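Breakdown of the fold
The primary structure of each chain is shown beneath.
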Amino acid sequence: MSLTYFIVDAIKVGYITWVSVILIRLIITFISSFSFIKQHRPPSSNSTQYILVNRAVASFGFLQENKLQNRLVSRAIPNGRLVNVFGVDNAFTTTSVITYRRFIQRVGPGLRNKNPEKWHKFFNSASTTLDLILTDFRGVRYSLPVAIIARQLVFVSTLHSFFNVDPKDVNLSDVGVATELINILWVQSKTEPQPDSLREGRIFLEVALQRILPDKFPCSAQDHPLNIIIPAYETMWRVVLLTFISAGFRDVDRETGEQFRKVLECVPKCFKGGKSKDMRTMAVNFSKEGLRLYPPTKSIYRAVPTEPQDSDFVTYDEQIIADIQECHRDPNIWINPTQFRPSRFLPGEFTDAMKNAYLPFSIAPHRCPAADTFAPHAIIVLVVVLAKGLGTLESGANVRFGDARLDGDTSALLPSGRLDMENWELEMNDAV
Ligand code: HEM
């Protein structure tokens, strides 16, 4: 029996979680990497100049004619792998101005919605989701695979926000398969030549998604749920996990520790505004600091036209890269850049140089519509849900990284690649 039939069959009969997850992980072993397009990163000698060049890459300042159509082409080319692997047809992959505008109109208003009631619902839904996930895991394991848990939590929360899904209606085995596959396929999408297992993985993913969101299928490429799931869930899960681990289990200064305790008490109540504005700022600064130290989009890629873009001979053999992570960790701009310290975003401390260098959501004219409201609120809510449900060092929980350096040095930077957190195990304090 081929791997495909085994897993599809397993999904159908519903007894998958561990067996299929382990099998799917075998696919990772096929991964190899070859770079085939010339890519350029700006040299990082002078910080101010370096930031300016990176900003120019992100804002398409290198285009002779900086109009929407040309920007979409320059962005869609490096994102072509998302079309190959996930079939995504959204703002990131389209060259059609109409498709782009339709997508922005569809997601934009929800992302800017500031209604505090929404964050209470989001918090309650995420807490319920974590309870359900833990019921699944705690029966069979003493220490918990914290990356898998964070992925499932963020995935179901994404479904709640964008597809109005009630967590109680979701089969977590399917969520386990879908999240694992998105992770593996994403990593594989960067490899060349692409392994055959990629096509198989995509089929399993489709089967799992159809079971999770039956009302959304069949659908056209433009209406496929992955068009939203990829930019929303995929950007969020690692920063949520890394912020949770940084604030809850790593070496932070006393001020940050005290702030985190307050944040655990006040989220989501403080999103009401009014008197709780300072607490809201404090809470959101944890998201901002997570996004600074561990930006989900580490690099932004743009294809550069060799000729004016309306010429018949235009080709795109070169790509330029804005190195966001490097901008966020430049020691000439950030004080103790590897330290997790949310207070650096307070007025008076947050300098213009930092403002210019802080690019987790890119910049205009294509700045992320989730930048101001949705992402910073959702990240800290999910971090708080994890900290309350799983515990922190202070409450007696512990994280083992399976890595002598990380286990031995609590101030070491955490690795943030998509496969770097698979061995991290969280031991809950069962006495609590
Ligand atoms: C932590 C969370 C997020 C991060 C770090 C993030 C990051 C980014 C970045 C760097 C860009 C610019 C991409 C480029 O031009 O190449 C972007 C654009 C965009 N993001 Fe996000 N994003 C996040 C969450 C979301 C969510 C939840 C959605 C909802 C679907 C979303 C939808 C979009 C859209 C539609 C654009 C395109 C905007 C445009 O081209 O005008 N993002 N995001």
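All figures in this text were calculated on a predicted structure; none of them were measured in a lab. For every chain, the first residue of the written sequence is number 1, and numbering continues from 1 along that sequence. The model is predicted, so local features are restricted to residues of pLDDT at least 70 and side-chain atom pairs to those at 80 or more, both for listing and for counting; the totals for chains, interfaces and linings are taken over all residues. Each side-chain value is derived from all of the structure's non-hydrogen atoms; neither hydrogens nor water enter the calculation.

The strands that make up a sheet pair up through hydrogen bonds in the backbone, lying either parallel or antiparallel. At least two bridges found by DSSP between two strands are what make those strands a pair. Secondary structure elements follow DSSP: runs of H or I no shorter than four residues count as helices, runs of E no shorter than two count as strands, and numbering proceeds from the N terminus. Read from one edge of the open sheet, three strands run 2-6-5, paired in antiparallel fashion. Every other strand in the sheet has two partners, leaving strand 2 (143-145) and strand 5 (398-400) as the edge strands with one partner each. Each strand axis lies, on average, 30 degrees off the axis of its neighbour in the sheet, ignoring direction. Helix axes use the C-alpha atoms of the stretch in contact, all axes being lines fitted to C-alpha atoms, and the angles between their N-to-C directions lie in the range 0 to 180 degrees.

Computed over the protein atoms alone on a 1 Å grid, cavities are sets of points where a 1.4 Å probe fits but cannot get out and pockets are open sets with protein on both sides within 12 Å along at least five of seven lines; a residue lines them when it has an atom within 4 Å of a point. Grid points are joined across faces, edges and corners, and a volume is the space filled by probe spheres set on the points. Looking at the second largest pocket, its volume works out to about 580 Å³. What lines the second largest pocket is a set of 21 residues, among which Lys288, Phe350, Tyr358, Arg367 and Asp372 lie closest to the centre. At the level of secondary structure, the elements contributing two or more residues to the lining of the second largest pocket comprise helix 13 (277-293) and helix 16 (374-390). With six residues, helix 13 is the single largest residue contributor to the lining of the second largest pocket. Residue type decides the class: Asp, Glu, Lys and Arg count as charged, Ala, Val, Leu, Ile, Met, Phe, Trp, Tyr, Cys and Pro as nonpolar, and the leftover types, Gly among them, as polar. Of the residues assigned to the lining of the second largest pocket, the class counts are twelve nonpolar, four polar and five charged.

The side chains of a regular strand alternate between the sheet's two faces. For every residue, the accessible area obtained with a 1.4 Å probe (protein chains only) is divided by the maximum for its type, and the residue is called buried under 20%, exposed over 50%, and partly exposed between those limits. Across the six residues of strand 4 (residues 318-323), five count as buried, placing the element largely inside the fold. Where strand 3 (residues 299-304) lies against strand 4, six bridges are found, and the strand directions are antiparallel. Considered in strand 4, the bridge of valine 304 is made with glutamate 318.

Moving on, we get to the site of the ligand. Residues are labelled near a given molecule or strand when at least one of their non-hydrogen atoms is within 4 Å of it. Looking at the ligand, there are 27 residues lining it, with Arg75, Tyr100, Arg302, His366 and Cys368 nearest. Throughout this description, a polar contact denotes any pair of N or O atoms lying within 3.5 Å of each other; where both atoms belong to protein, one of them has to be capable of donating a hydrogen while the other can accept it, and for residues adjacent in sequence the pair is counted only when both atoms sit in side chains. Interatomic distance of 2.7 Å between a side-chain N/O atom of arginine 75 and an oxygen atom of the ligand. Of all the secondary structure elements, the ones that give two or more residues to the shell around the ligand are helix 6 (97-112), helix 11 (226-249), strand 3 and helix 16.

Our focus in this paragraph is the coordination of the iron atom of the ligand. Looking at the protein side alone, the iron atom of the ligand has one donor only, Cys368 (SG), at 2.3 Å. Inspection of the secondary structure puts cysteine 368 in the loop between helix 15 (352-357) and helix 16. In this analysis a donor is any N, O or S atom within 2.8 Å of a metal ion (3.2 Å for sodium, potassium and calcium), and since water is not included, sites may seem incomplete.

Once that is clear, we can look at the packing of aromatic side chains. When two rings of Phe, Tyr or Trp (its six-membered ring) have centres within 6.5 Å they constitute a pair, described as stacked for plane angles under 30 degrees, edge-to-face for angles over 60, and tilted for the intermediate range. Applying the stated criterion to the full structure yields 18 aromatic pairs. Ring geometry for tryptophan 119 against phenylalanine 122: centres 5.2 Å apart, planes inclined by 75 degrees, an arrangement best described as edge-to-face. In this pair, tryptophan 119 and phenylalanine 122 are both assigned in helix 7 (residues 116-138), three residues apart and thus about one turn of the helix distant. Each member of the pair, tryptophan 119 as well as phenylalanine 122, is classed as buried. Arranged with centres 6.3 Å apart and planes meeting at 85 degrees, the rings of phenylalanine 350 and tyrosine 358 form a pair that is edge-to-face. Overall, the relative accessible area of 22% leaves phenylalanine 350 in the partly exposed class.

Joining through side-chain atoms within 4.5 Å is the link that ties buried Ala, Val, Leu, Ile, Met, Phe, Trp, Tyr and Cys residues into a set, and such a set is a nonpolar core. One finds Phe86, Phe155, Ile229, Phe244, Val267, Leu390 and Trp424 to be the most contacted residues of the largest nonpolar core, which totals 121 residues. For this core, the element with the most residues is helix 11, which contributes 15 residues.

Now for the environment of methionine 421. Tracing the backbone shows methionine 421 in the loop between helix 17 (404-408) and strand 6 (425-427). Residue classification places methionine 421 among the buried positions, given a relative accessible area of 0%. For the pair methionine 421 and leucine 242, spaced 179 residues apart in sequence, the C-alpha separation works out to 9.4 Å. Residue contacts are defined here by distance: any two heavy atoms, one from each residue, within 4.5 Å place the two residues in contact. Among residues more than four places away in sequence, those in contact with methionine 421 are Ala147, Trp237, Arg238, Leu241, Leu242, Pro415 and Ser416.

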